[in-house]
Every structure is written in structure tokens, then in C-alpha cells.
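# Residue-level structural notes
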Amino acid sequence: MPHHPFHLLQQWFPHRDARQWVLGNVCHTAGSAYRKAGALMLFSDLGEQLGLLSGGCLESDLQRQAMAVMQSGRGRQQTYDSDDEDSVVYQLGIGCGGTVQVMLQPLSADNDYLQLGALYEALRQRQSVVHGLTLPDDAEPQATLWPAPDSPGNAGFGVSQRGFIEERGNRSWLLTPHRAPPLLAILGAGVDAQPLAELAIKLGWQVVLNDPRTSHGRPAHFPAQCQLTKVMPEALPQQPWFRQIDAAIVMHHQQGLDADALAALAQQPPRYCALLGPRHRRQQVLSDAGLATFPGLAGPAGLALGGELPEGIALSILAECHAALHGADGHSLSGVL
């Protein structure tokens, strides 16, 4: 199951009253940590765990702590310190070598599920919001939700979705920006679009495929989660999903269709836009589209990963797309490459 908060809440929401639930949030980290502040996870009284707050190192102990929260009805904070001899991560020799502070809060209709139902609905409507939650103390937990304007400071996907602690009144709040999963438009639904759609779905992204040709984009060839449409490229701006696109990949393998698709996308360029094909073809397609340039257009699409087969090419394109949406440069973390 994808671990984006939207997908976790989608799993939780229908069962919110059928089980006892505890919300877990990373509220602070120091040093190396698998997840950062703002990460959320849900624990049930049946042992169900939705999400991850570590790489699998802490979840068993967190489940035990969550059961204690259910019994007491009171939230708590739990600190895991790899340098503390009294900490479970030190004793078991697990973890990433840093410190992780997690807060656990009971969820119920009485506390309005700490606004998680409202958060789920906002993400379902593709609205950017900030979720605020008080850290456990002697008072009743409080939660709030408010719109977040789509700006570089809070509308990105990666680092800008991390939570942070802020003092408000006489209480400490964990404030976490949230945005719906990326919406990827694949324009051109041939054979090589299949691994692209499949990998994007596994990443938890929402995918729309459009191809006006009757021989392309058949439902049996693509994941059921994909939305399939068959309109001509010039009609794309009239589609209800068009203005919500975060990324688009143009790959009809037909110059006229590619040109018309780029012309439509140029009316409202997404955060990432790619054109499949060699470098010399890019200028030909732009010329046919009546465009002198298309700022930020990735063409050829993808990172230089050495992929030659459709699956490897899909990986290279989505890796470049993922980096662009997160404001990253795609460099080797080890520095070896």
C-alpha cells in the first residue's frame, strides 16, 4: 500500500468507528532518521498498522505503546535514542543512529478524530492544507485544519511537507503541510506507457492517461486505478483534471499529436513536463506546436540511468519527475557516481 497520508487515511476512514485507533506522528528528529517530523501512522486495537514511522525498526514497540494509549485514553510522547542505553533502539542495536520523538494520540468521535476526517476529505478534493495538532500534555488534545496557499513555501511534495513545532498560546503544536498525491498525465497510451503508469501507481500517484486513438489506451492494458480518457489533445484544457496536473509526459510517438499536446500544456505548464524522443525531435515538435520554446521542458525525457527497455525508461522518466516535484537534483547520495 502506498504510504502517502491520503492513502493511509483512505484505508482508515471506513473503519474509523469499527476499531479503536491511535494516531502516531513523528514530531521531532535529530541526526539520522528514516522518517521526518510530520510523518503519520495509524494503529488499531486489532494490531493493524497503516503507514511507517521508521524503516520497520520501531513499529513493534510503537504498537505496544499505542495499546497503552487506548487503555488510558491519554496521549503520550515516546523518544527513541540510538545513543541512550535505556532506549529500546540502543538495546536492540536498531535504527539509523539518530533520535526520533513520536507522539501518540487516541482517535475517536469524541475528539472529532483530531480532524483526520477533514484532512482526508481535503486531500480527496486535492486541496492543500495544514494540519495542526497539540503535543500531548495535561490538557485535552486539540486539532485544527486550514487551507495552505499553493506557493513554493508549502505546496511542494518532499521537504516542504515536513512538520514543525510552533508555540501557540501556552501549548506546543505540530504543524504539518499536506498536499494530495501528484497527478500525472500520460499523453499517449502505447505499450511503453504501461510500465510508466504501473510504476506511478505503485508510488501512490494519481494517473490520467489520454490517447484519442481507438487502438491505444485499452483498459485491459493498464492498472484499474488509472483514469482513461480519449479526447483530442486540443480538447485537453476542457477536461476537469487538466488544471490539477502536477506532471505530464507526452509520448504519442506521433509528431502531430505530440505537438498538439504540447500546445495545450503550454497554456498552463505543469511543474514537470517531458517529451519522449531524441533531442533533435524536440525542436521539430515545438515548431509544429507553434512554440518558440517551452521553459523547463524535459526532452529527451528522463535521467541517464542506462535504461533501454520500456521498464528502464519508465524508471528514468519517473525518477526525473520525482526529483523535479521534490525540488531535488537527482545526484548520487553516496557521491560514487
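For clarity, every value in this text was computed on a predicted model and none was experimentally measured.

## Points about the overall build of the chain
Secondary structure summary: the chain contains 8 helices and 14 strands in total. Rg of the C-alpha trace for the chain: 22 Å, near the compact-globule value of 20 Å for 337 residues, within the 12% margin. On the principal axes, the C-alpha backbone points of the chain span a range of 65 × 45 × 40 Å. Scored against the burial criterion, the 337 residues of the chain give a buried share of 48%. For the chain, the accessible surface area stands at approximately 16,100 Å², while carbon and sulfur atoms represent 50% of it.

## What about the sheet that holds strand β4 (residues 76-81)?
With antiparallel pairing, the 5 strands of this open sheet are ordered in space as β3-β2-β1-β5-β4. Whereas interior strands pair on both sides, the edge strands pair on one side only; in this sheet they are β3 (49-50) and β4. Looking at chain direction, strand β1 (residues 21-30) and strand β5 (residues 99-107) are connected through 9 bridges and run antiparallel. What sits directly across from L23, in β5, is Q105.

## Thoughts on the nonpolar core
Core analysis: the biggest nonpolar cluster contains 26 residues, and L184, I186, L196, V207, L209, I249 and Y272 have the highest contact counts within it. Looking at this core, the elements that each hand over two or more residues are β10 (183-187), α5 (193-202), β11 (206-210), β13 (247-250), β14 (272-275) and α8 (310-326). Core analysis: the next-biggest nonpolar cluster, separate from the first, contains 24 residues, A185, A248, L262 and L291 among them.

## Thoughts on the pattern of salt bridges
Across all of its chains, the model carries 9 salt bridges by this definition. The salt bridge involving E166 is made with R168; its shortest N-O contact spans 2.7 Å. In this structure R168 comes out as partly exposed when scored by relative accessible area, which is 38%. Residue R179 is joined to D246 by a salt bridge in which the shortest nitrogen-to-oxygen separation is 2.5 Å. Within this pair, whereas R179 is found in the loop between β9 (171-178) and β10, its partner D246 is found in the loop between β12 (227-229) and β13, the two being separated by 67 residues in sequence. We classify D246 as buried; its relative accessible area is 1%.

## Digging into the packing of helix α1 (residues 5-12) against helix α4 (residues 116-124)
Following both chains from N to C, one finds α1 and α4 inclined at 120 degrees, their axes separated by 9 Å at the closest point. Classed by the angle they form, the pair α1 and α4 counts as oblique. Once α1 is placed against α4, the crossing between them reads as left-handed. On α4, the residues that touch P5, F6, L9, Q10 and W12 of α1 are L116, G117, L119, Y120, L123 and R124.

## A few points about helix α6 (residues 255-265)
Turning to α6, its buried residues are L257, D258, A259, A261, L262, A264 and L265. Those residues of α6 hidden inside the fold are in contact with β10, β13, β14 and α7 (279-288).

## Remarks on the pairing of β13
Both faces of β13 are covered, namely the face carrying A247 and I249 and the face carrying A248 and V250. Strand direction decides the pairing type here: β10 and β13, joined by 4 bridges, are parallel. By the bridge assignment, L187 is partnered in β13 with V250. With 4 bridges connecting them, β13 and β14 associate as parallel partners. Note on β14: the bridge partner recorded for V250 is L275. Note on the crossover from β13 through α6 to β14: the handedness is right-handed.

## Quick notes on the sheet that holds β9
Sheet strands associate in pairs through backbone hydrogen bonding, adopting either a parallel or an antiparallel arrangement. Spatially, the 4 strands line up as an open sheet ordered β7-β6-β9-β8, and their pairing is antiparallel. Both outer strands of the open sheet, β7 (143-147) and β8 (164-168), are each paired with one neighbouring strand and no more. Sheet twist, expressed as the mean angle between neighbouring strand axes with direction ignored, is 30 degrees. Sheet topology places strand β6 (residues 129-134) next to β9; 6 bridges connect them, and they run antiparallel. For H131, the partnering residue across the bridge sits in β9 and is T176.

## With respect to unusual backbone geometry
Between G299 and P300 the backbone carries a cis peptide bond, its omega angle lying at 5 degrees. Structurally, P300 is set in the loop between α7 and α8. Although it is not a glycine, D112 sits at a positive phi angle of roughly 55 degrees. Relative to the helices and strands, D112 resides in the loop between β5 and α4.

## Concerning the confidence of the model for the chain
Counting all residues, the mean pLDDT for the chain is 91, and 92% of those residues have values of 70 or more. Segment residues 151-159 is flagged for pLDDT under 50; beyond a separation of four residues in sequence, or across chains, it makes 22 contacts in the model.

## Thoughts on the packing of aromatic side chains
Considering all chains together, one arrives at 5 aromatic pairs under this definition. Aromatic pair W12 and Y113: ring centres 5.8 Å apart, planes at 75 degrees, arrangement edge-to-face. A residue pair is termed long-range when its members are at least 10 positions apart, and W12 in helix α1 and Y113 in the loop between β5 and α4 qualify at 101 residues. When sorted by exposure, W12 lands in the same class as Y113, which is buried. With a centroid separation of 5.2 Å and 35 degrees between ring planes, the pair formed by F13 and Y120 is classed as tilted. A residue pair is termed long-range when its members are at least 10 positions apart, and F13 in the loop between α1 and β1 and Y120 in helix α4 qualify at 107 residues. Taking the relative accessible area as the measure of exposure, Y120 reaches 11% and is therefore buried. Cluster of aromatic residues (ring-pair linked, three or more members): F6, W12, F13, Y113 and Y120.

What counts, and at which threshold
- Residues numbered from 1 in each chain as written.
- Predicted model: local features only at pLDDT ≥ 70, side-chain atom pairs only at ≥ 80, totals over all residues.
- Heavy atoms only, no water.
- Helix = DSSP H or I, 4+ residues; strand = E, 2+ residues; numbered from the N terminus.
- Rg over C-alpha atoms; globule rule 2.2 N^0.38 Å.
- Buried < 20%, exposed > 50% of the residue type's maximum accessible area, 1.4 Å probe, protein only.
- Areas by Shrake-Rupley, 256 points an atom, 1.4 Å probe, with all protein chains shown as cover.
- Pairing = 2+ DSSP bridges.
- Core = buried A, V, L, I, M, F, W, Y, C linked by side-chain atoms within 4.5 Å.
- Salt bridge = Lys/Arg side-chain N within 4 Å of Asp/Glu carboxyl O.
- Axes fitted to C-alpha atoms, helices over the stretch in contact; angles between N-to-C directions.
- Parallel < 35°, antiparallel > 145°, perpendicular 65-115°, else oblique.
- Left-handed = near helix turned anticlockwise from the far one by under 90°.
- Contact = heavy atoms within 4.5 Å.
- Right-handed = clockwise from strand over helix to strand, strands pointing away.
- pLDDT = per-residue confidence, 0-100.
- Phe/Tyr/Trp six-rings, centres within 6.5 Å; stacked < 30°, edge-to-face > 60°.

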